[in-house]
There are 2 protein chains.
Amino acid sequence: MTVQSKFRRLATDNAPGQELRQNTASLDALIRGDKLDGTPVDFSHGDVDAHEPTPGSFDLFTDGYAKGGAQAYTEYRGDAAIRELLAPRLAAFTGAPVDATDGLMITPGTQGALFLAIASTVSRGDKVAIVQPDYFANRKLVEFFEGEIVPVRLDYEAAGTDRAGLDLTQLEDAFKSGVTVFLFSNPNNPAGVVYSADEIAQIAALAGRYGATVIVDQLYSRLRFGGTTYTHLRAQNIDAENVVTIMGPSKTESLSGYRLGVAFGSTAVLARMEKLQAIVSLRATGYSQAVLRGWFDEPAGWMEDRIRQHQAIRDDLLAVLNAIPGAFARAPQAGSYLFPRLPRLAVPHADFTRILRLQAGVIVTPGTEFAPHTGASVRLNFSQDHKAAVAAVERLAALVERYRA
Amino acid sequence: MTVQSKFRRLATDNAPGQELRQNTASLDALIRGDKLDGTPVDFSHGDVDAHEPTPGSFDLFTDGYAKGGAQAYTEYRGDAAIRELLAPRLAAFTGAPVDATDGLMITPGTQGALFLAIASTVSRGDKVAIVQPDYFANRKLVEFFEGEIVPVRLDYEAAGTDRAGLDLTQLEDAFKSGVTVFLFSNPNNPAGVVYSADEIAQIAALAGRYGATVIVDQLYSRLRFGGTTYTHLRAQNIDAENVVTIMGPSKTESLSGYRLGVAFGSTAVLARMEKLQAIVSLRATGYSQAVLRGWFDEPAGWMEDRIRQHQAIRDDLLAVLNAIPGAFARAPQAGSYLFPRLPRLAVPHADFTRILRLQAGVIVTPGTEFAPHTGASVRLNFSQDHKAAVAAVERLAALVERYRA
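Keep in mind that this is a model prediction, so the values were computed, not measured.

About the cut-offs
- Residues numbered from 1 in each chain as written.
- Chains lettered and ligands numbered in written order.
- Predicted model: local features only at pLDDT ≥ 70, side-chain atom pairs only at ≥ 80, totals over all residues.
- Heavy atoms only, no water.
- Helix = DSSP H or I, 4+ residues; strand = E, 2+ residues; numbered from the N terminus.
- Buried < 20%, exposed > 50% of the residue type's maximum accessible area, 1.4 Å probe, protein only.
- Contact = heavy atoms within 4.5 Å.
- Areas by Shrake-Rupley, 256 points an atom, 1.4 Å probe, with all protein chains shown as cover.
- Lys, Arg positive; Asp, Glu negative; His and termini not counted.
- Charge placed at Lys NZ, Arg CZ, Asp CG, Glu CD.
- Axes fitted to C-alpha atoms, helices over the stretch in contact; angles between N-to-C directions.
- Parallel < 35°, antiparallel > 145°, perpendicular 65-115°, else oblique.
- Left-handed = near helix turned anticlockwise from the far one by under 90°.
- Nonpolar A, V, L, I, M, F, W, Y, C, P; charged D, E, K, R; others polar.
- Salt bridge = Lys/Arg side-chain N within 4 Å of Asp/Glu carboxyl O.
- Polar contact = N/O pair within 3.5 Å; in protein donor to acceptor, adjacent residues only side chain to side chain.
- pLDDT = per-residue confidence, 0-100.
- Pairing = 2+ DSSP bridges.
- Least-squares fit on C-alpha atoms with pLDDT ≥ 70 in both.
- Phe/Tyr/Trp six-rings, centres within 6.5 Å; stacked < 30°, edge-to-face > 60°.
- Lys NZ or Arg CZ within 6 Å of the ring centre and 35° of its normal.

Scanning chain A from terminus to terminus reveals 13 helices and 12 strands. C-alpha extents for chain A along the principal axes are approximately 60 × 50 × 45 Å. Looking at chain A residue by residue over its 405 residues, the buried ones come to 63%. Looking at chain A alone, contacts between residues at least 24 apart form 76% of all its contacts between residues at least 6 apart. For chain A, the accessible area works out to roughly 13400 Å², and carbon and sulfur atoms hold 50% of it. Charge separation in chain A, taken as the distance between the mean sites of 40 positive and 45 negative side-chain charges, equals 4 Å.

All names here are of chain A. At a closest axis distance of 9 Å, the pairing of helix α11 (residues 302-322) and helix α13 (residues 386-403) adopts a crossing angle of 15°. Overall, the two elements α11 and α13 adopt an arrangement that is roughly parallel. Two packed elements cross with a definite hand, and for α11 against α13 that hand is right-handed. For the pair α11 and α13, the contacting residues are A312, I313, D316, L317, V320 and L321 in the first and H386, A389, V390, V393, E394, L396 and A397 in the second. The residue makeup of the contact of α11 with α13, split by class, is 10 nonpolar, one polar and two charged.

A few words on the side chain of D351 of chain B. Here D351 of chain B lies in helix α12 (residues 349-360). Those residues in contact with D351 of chain B, other than ones at most four positions away along the chain, are L27 and L30 of chain B.

Attention now goes to the interface of chain A and chain B. Contacts between the two partners involve 74 residues from chain A and, on the opposite side, 74 residues from chain B. The interface formed by chain A and chain B holds two salt bridges in total. A salt bridge links E146 of chain A to R124 of chain B; its shortest N-O distance comes to 3.1 Å. Summed over the shared surface of chain A and chain B, the result is 17 residue pairs in polar contact (both at pLDDT 80 or more). Looking at the side of chain A that touches chain B, the elements with two or more residues in it are α1 (3-8), α2 (57-67), α3 (69-72), α5 (109-119), α6 (136-144), α9 (267-280) and α10 (286-289) of chain A. The dominant element in the side of chain A that touches chain B, judged by the number of residues it contributes, is α9 of chain A, at seven residues. Looking at the side of chain A that touches chain B, its residues break down into 32 nonpolar, 24 polar and 18 charged.

A few words now on the confidence of the model for chain A. With 97% of its residues at a pLDDT of at least 70, chain A reaches an overall mean of 95. Across the assembled chains, the prediction reports ipTM 0.95 with pTM 0.96.

Attention shifts here to the sheet that holds strand β7 (residues 243-247) of chain A. Strands belonging to one sheet form pairs held by backbone hydrogen bonds; the direction of such a pair is parallel or antiparallel. Residue and element names in this part refer to chain A. In spatial order, the strands read β2-β8-β7-β6-β5-β3-β4; together these seven strands make up an open sheet with mixed pairing. Looking along the sheet, the strands with just one partner apiece sit at the ends: β2 (104-107) and β4 (148-153). Neighbour-to-neighbour, the strand axes of this sheet turn through a mean angle of 20°, independent of strand direction. Of the strand pairs in this sheet, β7 and strand β8 (residues 261-265) are connected by four bridges, and their pairing is antiparallel.

Right, let's talk about the sheet that holds strand β11 (residues 365-366) of chain B for a bit. Residues and elements named next belong to chain B. Pairing in this open sheet of three strands is antiparallel, and the strands run β9-β12-β11 from one edge to the other. Two strands in the sheet have a free side with no partner beyond their single neighbour: β9 (337-338) and β11. One ladder, built from two bridges, connects β11 with strand β12 (residues 378-381); its direction is antiparallel. Paired with T365 across the strands is R379, a residue of β12.

Overlaying chain A with chain B gives an RMSD of 0.0 Å, the required rotation being 180° about an axis along which the chain moves by 0.0 Å. The transformation relating the two chain copies, once decomposed into turn and shift, fits a two-fold axis. Identified as the residue of chain A closest to the rotation axis by C-alpha distance is T285 of chain A, at 3.5 Å. When the interface residues of chain A are mapped onto chain B, 100% of them are again interface residues, pointing to one common binding face.

Moving on, we get to the pattern of salt bridges. Counted by the stated rule, this structure contains 30 salt bridges over all chains. A salt bridge links E401 of chain A to R404 of chain A, with the nearest nitrogen and oxygen atoms 2.9 Å apart. On the basis of relative accessibility, which here comes to 27%, the residue R404 of chain A falls in the partly exposed class. One salt-bridge network, held together by shared partners, links K6 and E146 of chain A together with R124 of chain B.

Residue P133 of chain A is bonded to the preceding Q132 of chain A through a cis peptide linkage, with omega at 0°. Among the structural elements, P133 of chain A can be located in the loop between β3 (127-132) and α6. In this chain, N186 of chain A is followed by P187 of chain A through a cis amide linkage whose omega measures 0°. Despite not being glycine, S254 of chain B has its phi angle at roughly 60°, a positive value. Secondary-structure assignment places S254 of chain B in the loop between β7 (243-247) and β8 (261-265). Since its relative accessible area comes to 2%, S254 of chain B is described here as buried. With a phi close to 55°, R259 of chain B is a non-glycine residue in the positive phi region.

Our next topic: the packing of α5 of chain A against α9 of chain A. The geometry of a pair of packed helices is captured by two quantities: the angle between their axes and the separation between those axes. Residues and elements named next belong to chain A. The N-to-C vectors of α5 and α9 enclose an angle of 120°; their axes lie 9 Å apart at closest approach. When the axes of α5 and α9 are compared, the pair comes out oblique. By crossing handedness, the relation of α5 to α9 is classed as right-handed. In contact with A113, F115, L116, A117 and A119 of α5, α9 contributes M273, L276, Q277 and V280. Per-class residue counts for the contact of α5 with α9 are eight nonpolar, one polar and no charged.

Glancing now at the pairing of strand β6 (residues 213-217) of chain B. Residue and element names in this part refer to chain B. Of all five residues making up β6, five are buried, and the element is well covered by its neighbours. The two faces of β6 match: T213, I215 and D217 on one face and V214 and V216 on the other face are all buried. Note that strand β5 (residues 181-185) and β6 share five bridges and pair parallel. Of the residues in β6, the one forming a bridge with S185 is D217.

Residue and element names in this part refer to chain A. One can find E253 in the loop between β7 and β8. For E253, a relative accessible area of 1% translates into the label buried. Taking the C-alpha atoms as reference points, E253 and E143, separated by 110 residues in sequence, lie 31 Å from one another. Only 2.9 Å separates the side chain of E253 from the side chain of W295, close enough to count as a polar contact.

So, about the packing of aromatic side chains. Scanning the entire structure with this criterion turns up 55 aromatic pairs over all chains. When the ring of Y287 of chain A is compared with that of Y258 of chain B, the centres are 4.9 Å apart and the planes differ by 80°; the resulting orientation is edge-to-face. Placement of the pair is Y287 of chain A in helix α10 and Y258 of chain B in the loop between β7 and β8, with the two residues belonging to separate chains. Given a relative accessible area of 1%, Y287 of chain A falls into the buried group. We note K6 of chain B situated over the ring of F144 of chain B; from NZ or CZ to the ring centre the distance is 4.6 Å.

This is the structure in structure tokens:
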């Protein structure tokens, strides 16, 4: 495959944050009516001004800077003392041991962890099971390394409220067909659903039976609503060398501006990830790493407050969205993504998301980024200013009516 | 190629900063005599405590943090306003226009820029010309993407003092054999030599004749000694779409702890680099990007002072090294690397570098990291505390005598 053809598949035109680079001239013929006034809301990512970084994070950065060279130049896998500090916290959170020396790595965001993990497990022609819908970069990563994607359907709409809705028969068929790596996010991005204990147990059993490596992106696993039960794959009956767990403080904790993530689990995969980190970007930003000292050590009540605020926004947005005739939005059990399916419109859904931006100041991520069959849905990160978010979704609802088929 | 075989070639055991992960038990039989006392010096990278970050850099970071979400979530290619600020400065420095919108990208360190540039130009089986010796990651990057390395010799020892010593006949033969990408550092890492105007003109002419893309790593091009003339490839008679220039503030400016670099030039290659950045780590650390506002805008006299300090250290270390019978060290014209060739020793040179660490508290990078034929050389980053560095190189000289063949 030539470099050119490889990159043709890596389109970022609809990726979150890239909207400014879009050409909107072609929309003129479709536009109906006037603009709707209101505070613009960018639902493509969380608003760290509305939900501020964890208290004390900037002070930890400052301390890291003051440490000088020792903090600027860490090992590729990250500062050893910080790994020692994090390992027991991550072990306590996930319910299984974490080896600070060989089983944990600090990465440039969870994106960095995902990239390194896929690069370290997938080679040309390898079969990789990917959930549909799931985080768009999962698919792109496998394509970039010329792996073969075997899709596994997540029917979150039909699954009720107790299961994420993974098609376990399809997953087993995927393993039978030679899949060696299974990559998924839990809670699911974009649908916000959490895999049930039974679903996770069955994933563990299948991975064990077929000797597959499982990479699980648990980025949002701390922000859980209404007592949702969360099951950590790595704490199940599964070979620890076959699991890599990925997390980070960019979302719930609003620390995205520091670019931090972690990968932990399989020492063999992590050893490869570190080798690759050495030529990708050397290390996660040295001074930033110091901010991780405060992770899983937030002030008492802080996380509960953050969850409460997000649950309140979620509920208000859900009420507006589910009042749109023909729309459907399942209540997310965790995280800050809503993934409503919109009714039939008179314009293609892809154009509607651009119209939303132009006429309502509302930026959402098109559903096609997450699965070929979710083009009628849009993803909203509802970690926003509460009032502005409600008003923005009301404008979205108004435009749905204006453009209804 | 399997993932396993791909990673077997990515060894990092001797990479700078990874020394703590080495097993030293096997050295016991080789050790002679006692340890030498003195302040340990890690010559594998610069000492940002001895040569501090540019004045004001931390304040710029603080301002970036205060800006909040807008600075945390930039476009993948980096904050647009900062690119607007940097483009004219980089154009003035290099002597050719820089397009802030499509021709410039902020990256996670220069390492990040190198990774993205190679990933965006080299595919399986593509032939890539690599200088020997040159920065060790260059070779590893090409190997990781399964390109074919065509070595081009840099005979910096025989070249005198006016040329870097590139074998231009070999370079032309490389292009004739089908090389499509030429990657090199100028000043050369590890030898510290600067390519002459004639060498750069010939590289430009050859790249033009054979339609090759040239990626030039100019990381150290600001720290030049004694009026050394520096020729920017991108300002020569060469198709601007065939050149990517890479720089960053990690070395001369001691800003490595922020993980910042830039790539500029070919809009086609940069478009691919941005697409890839989206799945590698999204963006250079958002808050850190704000620190670039001070780059190429340092206080008057600051750069001159920094150069003066480094030139003084360089001269003192050269005097010690060239007094070792049988050793040879060419004076670097720029940057902060010395690459002395040591005389024949009674132990393998690879073991000697580990003995140096154990017996003298001196960490250097083995010459084999840079070329197969430079195993008798070691690389020292002399951006260190002046006195400690001189004492450390005196200990190195003492151990050379102790282990002389």
